[in-house]
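Examining the three-dimensional arrangement
Listed below are the residues making up each chain.
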There are 2 protein chains.
Amino acid sequence: MTEATRKHQPALDAAIQALHGRTFFAAFPENPSPEIYGADADANGRAAFEARRHQRYTELRQGEPAGWVGQEESPYEQEPLGIEYPYFEPAMLVRNAEAAFGPWRKLKPAQRAALLTESLERIRQRFFEIAYATMHTTGQSFMMSFQASGPHAADRALEAIAAGYEEQTRFPEETRWEKPMGKYNLTLHKTWRAVPKGVGLVIGCSTFPTWNSVPGMYASLVTGNPVLVKPHPKAVLPIAIVVAEVQKVLAEYGLDPRICQLAVDAADHLIGKDLAENPAVKLIDYTGGAQFGEYLEGLKGKTVFTEKTGVNSVILDSCDDLDKVAQNLAFSVSLYSGQMCTAPQNFFVPAGGIRVGDEQVPYEEVVQKLAAAVTGLAQNPKAGPHVLGAIQNRDTHERVQKLALDGGRSVLAHGPVEHPTFKNARTCSPCIHEISADRIEQYSQELFGPIMLVIKTRDTQESIRLAAQLAREYGAISCGAYTTNSAVKEQIMDEMSLAGTPVSFNLTGNIYVNQAAGFSDFHVTGGNPAGNASFTNPEFVIKRFTWVGFREPAE
Amino acid sequence: MTEATRKHQPALDAAIQALHGRTFFAAFPENPSPEIYGADADANGRAAFEARRHQRYTELRQGEPAGWVGQEESPYEQEPLGIEYPYFEPAMLVRNAEAAFGPWRKLKPAQRAALLTESLERIRQRFFEIAYATMHTTGQSFMMSFQASGPHAADRALEAIAAGYEEQTRFPEETRWEKPMGKYNLTLHKTWRAVPKGVGLVIGCSTFPTWNSVPGMYASLVTGNPVLVKPHPKAVLPIAIVVAEVQKVLAEYGLDPRICQLAVDAADHLIGKDLAENPAVKLIDYTGGAQFGEYLEGLKGKTVFTEKTGVNSVILDSCDDLDKVAQNLAFSVSLYSGQMCTAPQNFFVPAGGIRVGDEQVPYEEVVQKLAAAVTGLAQNPKAGPHVLGAIQNRDTHERVQKLALDGGRSVLAHGPVEHPTFKNARTCSPCIHEISADRIEQYSQELFGPIMLVIKTRDTQESIRLAAQLAREYGAISCGAYTTNSAVKEQIMDEMSLAGTPVSFNLTGNIYVNQAAGFSDFHVTGGNPAGNASFTNPEFVIKRFTWVGFREPAE
């Protein structure tokens, strides 16, 4: 244990420094190149994934299961993967977690942080396998699967470890308190403990099975809480590998692997509520729809961290080069077919058009440029399929196909996108619909998937007012804005800041509003209905433990 | 403003350092001596208080009131004070707060911290006036009134200012983010803002009108939120003076004094719910009964900080000197007649008695020693009345008079305590009731006031189990334990830490389980039903604002 602590302390210190500097930092390279990850890493990872099809997943160390279940299917193949996972009764999982709690909470924060950092090193060895697992459960492209589920997730996990370690060591373990009383001093010996709250539950989503789950999982673990990881039943494998690697490290250090357990749903029912309502479960991390998220937030006696749904806006006021803007936005809308929580949905364009350089470009021309850029990308056989990926589930696909907004007009219809490798892939190019600013009930809902709405406003003032209102009332995770006017920019910053929404200004080229960089961008602010948690601000970790002090007369 | 920032920065830095060192620190001396506060400070303070009787309180700067109201009466005189405060409609108070929000939130954290620290300097000039105001509303002795409402409250306020300032400056205001992309670097200019959540509401209690209210009030203010301070209708004057001084400083610096407003209840109804449910109110700090506290905690869309009721335990296992222990505990029970949230109520004594040095002292002897110490203190005319103070309200007095526990026996009856100055003071010496360990329904309730229960347990193991269970299920703010056995001590620390309850071990002499020192002891842990807030851990301030980031291509 001492060796592990010594080994990982420099990485931990660097991560803490990065968290506060917020400059570029990545402990895990995002480039899946053979130079970095090894010549055979890709082939081996792919083979490891392929070998899992139609097999039982037996890597977990959490006892004898009550059954074997599996519901995953590949959005690229629209066929079941056939992988089965061990099923355990919810009450049994909670009992196991409670049994494992004692020794875990009694470790020092530095020891837990070291073991968890060690687990990330092991997971790194399996980034390619996790990438293929992600691709064939979520429908992400290979590149996004690799980056999001591998290095970016590992960086977010390290962020949580670092933040948790830092917060638990911000107050002394002991001190001598000496109060002058005139003729004598009153002297107490005082000690403090950062006391974990209890069993943690992490409920994953189907689109980002590791990226959205590891921050809460590692945050609860580093603060001494045992964790149950309940993946979405359609996206289990990527996080199962992560949990298995954590369990291996725990076992190697003589700890109960059931400090971190995988909790898959039963074949015939979901177990999220059973777990969440168990009195021993004190912490819940959740990514998914608003309705279940609000149910969780309303549970008494639980500390709940959510990332739910939001409606993300782009405000178009003025720019230097409209073509570059249109290309950037088309990419943002198309990336993973709009299935990112940071994907923009509502594009606010003033009826009078927008200022481009010295010229006023009419509204319709702006709209057509956006549509042309979306079409151009979707129809580019070298780029389109790889940017769009596949549609994770049938409901999302149907939403696009059946989209019927009341009012406005269709600017661009969705269409098929042929994938070069997977002929049966569930794909779809983005559609664009124009709607009037006064039909807020039509665009205040999250239309998850490749759906882009152009909202015609009176002017930029109305655009800002509506974007801020949507964020405040319905939630938002990202906001894009294009303006060359510094007063407008400050106004957008001010109003969106009150709506708890980060803003990316004037992005063109290879950087997109959807992207959030570990150690620099807080992902979700926690300040609007899109979610109450932020990766990784101090609140995300300190709510997982309690400071308790002890004192006695000093010797 | 620059000057104020420069002037107060050293005090702020010292306070932040103290928060992390957690050694003894006090910015405001607790000794009401003429050498420290001036030869005439006491006389002037008393005269200022006396002059307020039967007058309107006109120091506030918050516009034309809708009426004048006042319901305070002195527990020492059992006569109305006759002071009237300006009443404003709740909706008007909220509108005023919203109007004052903009300029306040746009100040830098260091500027807000400086102005608020300045206000504490002004309040210091009125510590004696506040002391008499506290004495004649709460029934505290003069010494406690001075210390709790004056220097100790100011230190807790400074703690909140320091913690709020530190947390708002833990991340950079701006940075250059430069990501290597192989052939070029992707460069973004990033900025962050700590964005306040909105209008804060602080609901005070009748026993500690400034001490329990200033932490939340200053925490919300330093993080940029305007605040409405709603005192208990029976204890307005002490906090009214605090609010008036804050308003004066704000006005001097050209700011709207309505950034901080006093919100007194109407003559015929309480306005707490009207204010709490107003959608603009985002933050609520509350001290008081559990029922209203739980109602507040259940409000959607609010961040709520509570200190509710708890049942505090003392575990008696073994000690070196039982007489010293009995004297210490008698003082703790008697201090302000058990009306402190930290006062012990349940004393767990094993049926087989306790180990004192090399001897086993039988149970009954332990109980009688405790009773004798309580009686001795209450009947000591030089100490008793000053330690006990007066009973704040009639209900508390009646609870003691009518106490009828089902089962057990009365060990000591309450009795009258003559006050040397105030012949009509509402006073009462503590009663002691013995009850069997299996009657948990009898002792799991908070019996606010001078009521001490002795619970006869099988052994220390049962004592620990019950004390931890009570804390976990019903809440506890303090715990005292006496043991000379290091294994028992560690067990108590471990079990009470899981119940989120601080423990004071083996206190004798002039230090008591009831006391919590600013900058060192976290007051309430937030980890059990007694309250979700802790003075002042980072969580107490960071939940009042949101980190929001902005980014754009770097020039």
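Residues numbered from 1 in each chain as written. Chains lettered and ligands numbered in written order. Predicted model: local features only at pLDDT ≥ 70, side-chain atom pairs only at ≥ 80, totals over all residues. Heavy atoms only, no water.

Let's shift gears to the packing of helix α1 (residues 2–21) of chain B against helix α7 (residues 142–168) of chain B. For any two helices packed against each other, the geometry is given by the interaxial angle and the distance between the axes. Residues and elements named next belong to chain B. Two numbers describe how α1 lies on α7: the axes approach to 9 Å, and their chain directions differ by 90°. Regarding the angle of α1 to α7, the classification is roughly perpendicular. Packed against α1, whose contacting residues are Q9, L12, A15, I16, L19 and H20, the element α7 presents L158, E159, I161, A162, A163, Y165 and E166 at the interface. By residue class, the composition of the contact of α1 with α7 is nine nonpolar, two polar and two charged. (Axes fitted to C-alpha atoms, helices over the stretch in contact; angles between N-to-C directions. Helix = DSSP H or I, 4+ residues; strand = E, 2+ residues; numbered from the N terminus. Parallel < 35°, antiparallel > 145°, perpendicular 65-115°, else oblique. Contact = heavy atoms within 4.5 Å. Nonpolar A, V, L, I, M, F, W, Y, C, P; charged D, E, K, R; others polar.)

A few words on the sheet that holds strand β13 (residues 318–319) of chain A. All names here are of chain A. Pairing is mixed in the open sheet, where three strands are placed in the order β13-β15-β16. This sheet does not close on itself; its edge strands, each paired only once, are β13 and β16 (359–361). Bridging between strand β15 (residues 354–356) and β16 involves three bridges; their strand directions are antiparallel. Paired with I354 across the strands is V361, a residue of β16. (Pairing = 2+ DSSP bridges.)

On to the side chain of T342 of chain A. Its location among the elements puts T342 of chain A in the loop between α12 (322–334) and β14 (346–350). For T342 of chain A, a relative accessible area of 5% corresponds to the buried category. (Buried < 20%, exposed > 50% of the residue type's maximum accessible area, 1.4 Å probe, protein only.)

Here ten strands make up an open sheet; going across it, the order is β17(A)-β18(A)-β19(A)-β14(A)-β12(A)-β20(A)-β21(A)-β22(B)-β6(B)-β5(B) and the pairing mixed. Each edge of the open sheet carries a strand with a single partner, namely β17 (409–412) of chain A together with β5 (174–180) of chain B. The sheet shows a mean angle of 25° between the axes of neighbouring strands, taken without regard to direction. With three bridges joining them, β17 of chain A and strand β18 (residues 431–436) of chain A adopt antiparallel strand pairing. Across the sheet, the residue bridging to R409 of chain A is E434 of chain A, located in β18 of chain A.

Counted under the stated rule, the structure contains zero disulfides over all chains. Of the cysteine sulfurs around C479 of chain A, a residue in no disulfide, the closest is that of C341 of chain A, at 15 Å. Free of any disulfide, C431 of chain B has its nearest cysteine sulfur in C428 of chain B, 7.1 Å distant. (Disulfide = S-S within 2.5 Å.)

Before going further, it helps to examine the relation of the copies chain A and chain B. Put simply, the second copy of the chain is the first one after a rotation about an axis and a shift along it. With an RMSD of 0.0 Å, the fit of chain A onto chain B corresponds to turning through 180° and sliding 0.0 Å along the axis. Such a combination of rotation and displacement between the chain copies is what one expects of a two-fold axis. The position closest to the rotation axis in chain A is occupied by the C-alpha of E539 of chain A, lying 3.3 Å away. A share of 100% of the interface residues of chain A reappears at the interface of chain B, consistent with the copies meeting face to face through the same patch. (Least-squares fit on C-alpha atoms with pLDDT ≥ 70 in both.)

Residues and elements named next belong to chain A. For chain A, the domain assignment lists domain 1 (2–12 + 37–73 + 80–308 + 534–553) and domain 2 (313–505). Contact with domain 1, which involves 15 residues of that partner, is made by 14 residues of domain 2. Interface of domain 1 and domain 2: buried area, both sides summed, is about 1,000 Å²; carbon and sulfur atoms make up 60% of it. Contact with domain 2 buries surface across domain 1, with G139, M144 and T207 losing the most and accounting together for 33% of the total. (Domains from an automatic or database assignment. Buried area = accessible area lost by both parts, 1.4 Å probe.)

With that settled, the discussion passes to the confidence of the model for chain A. Residue-level pLDDT values for chain A average 97, and 100% of them are 70 or greater. Among the scores for the predicted complex, ipTM is 0.97 and pTM is 0.97. (pLDDT = per-residue confidence, 0-100.)

To continue, consider the pairing of strand β19 (residues 451–457) of chain A. Residues and elements named next belong to chain A. Of all seven residues making up β19, six are buried, and the element is well covered by its neighbours. In the sheet, β14 pairs with β19 via five bridges, with the strands oriented parallel. When the bridges of β19 are listed, N346 appears paired with L453. Across six bridges, the pairing between β18 and β19 is parallel. When the bridges of β19 are listed, S436 appears paired with K456.

Turning next to the interface of chain A and chain B. Each partner contributes residues to the interface: chain A has 70 residues there, and chain B has 71 residues. The three residues of chain A that bury the most area against chain B are F24, R170 and R551 of chain A, which together make up 13% of that side's buried surface. For the interface between chain A and chain B, the tally reads 18 salt bridges. Here R105 of chain A ties to D494 of chain B by a salt bridge, and the two come within 2.7 Å at their closest N and O atoms. Between the two partners, chain A and chain B, sit 36 residue pairs in polar contact (both at pLDDT 80 or more). When residues in the side of chain A that touches chain B are grouped by element, the largest group, eight residues, is from strand β22 (residues 545–553) of chain A. (Salt bridge = Lys/Arg side-chain N within 4 Å of Asp/Glu carboxyl O. Polar contact = N/O pair within 3.5 Å; in protein donor to acceptor, adjacent residues only side chain to side chain.)

We now examine helix α8 (residues 214–222) of chain B. Of all the nine residues making up α8 of chain B, nine are buried; the element is thus mostly covered by neighbouring parts of the structure. Backbone geometry just downstream of α8 of chain B places G224 of chain B in the positive-phi region, at approximately 95°.

Taken as a whole and judged by the stated rule, the model has 84 salt bridges over all chains. For E364 of chain A, the salt bridge identified is with R409 of chain A, shortest N-O distance 2.6 Å. In this pair, E364 of chain A sits in helix α13 (residues 363–378) while R409 of chain A sits in strand β17, placing the two residues 45 residues apart along the sequence. Under the relative-accessibility criterion, E364 of chain A is labelled partly exposed at 32%. When its relative accessible area of 29% is taken as the criterion, R409 of chain A is described as partly exposed. Linking K190 of chain B and D521 of chain A is a salt bridge whose minimum nitrogen-to-oxygen distance equals 2.8 Å. With one member in each of two chains, K190 of chain B in strand β6 (residues 185–196) and D521 of chain A in the loop between β21 (503–505) and α19 (538–542) form a pair that bridges those chains. What makes K190 of chain B buried here is its relative accessible area of 1%. A residue is classified by how much of its surface remains accessible, and D521 of chain A, at 10% relative accessible area, is buried.

This part takes up the pairing of strand β20 (residues 479–482) of chain A. All names here are of chain A. Of the two faces of β20, both are covered, the one formed by C479 and A481 as well as the one formed by G480 and Y482. In this sheet, β20 lies alongside strand β12 (residues 313–316) in parallel orientation, the contact comprising four bridges. Bridging from a neighbouring strand, L316 pairs with Y482 of β20. Summarising the sheet, β20 and β21 pair through two bridges and their orientation is parallel. Residue pairing in the sheet places A481 in a bridge with F505 of β21. Handedness of the β20-helix α18 (residues 486–498)-β21 crossover: right-handed. (Right-handed = clockwise from strand over helix to strand, strands pointing away.)

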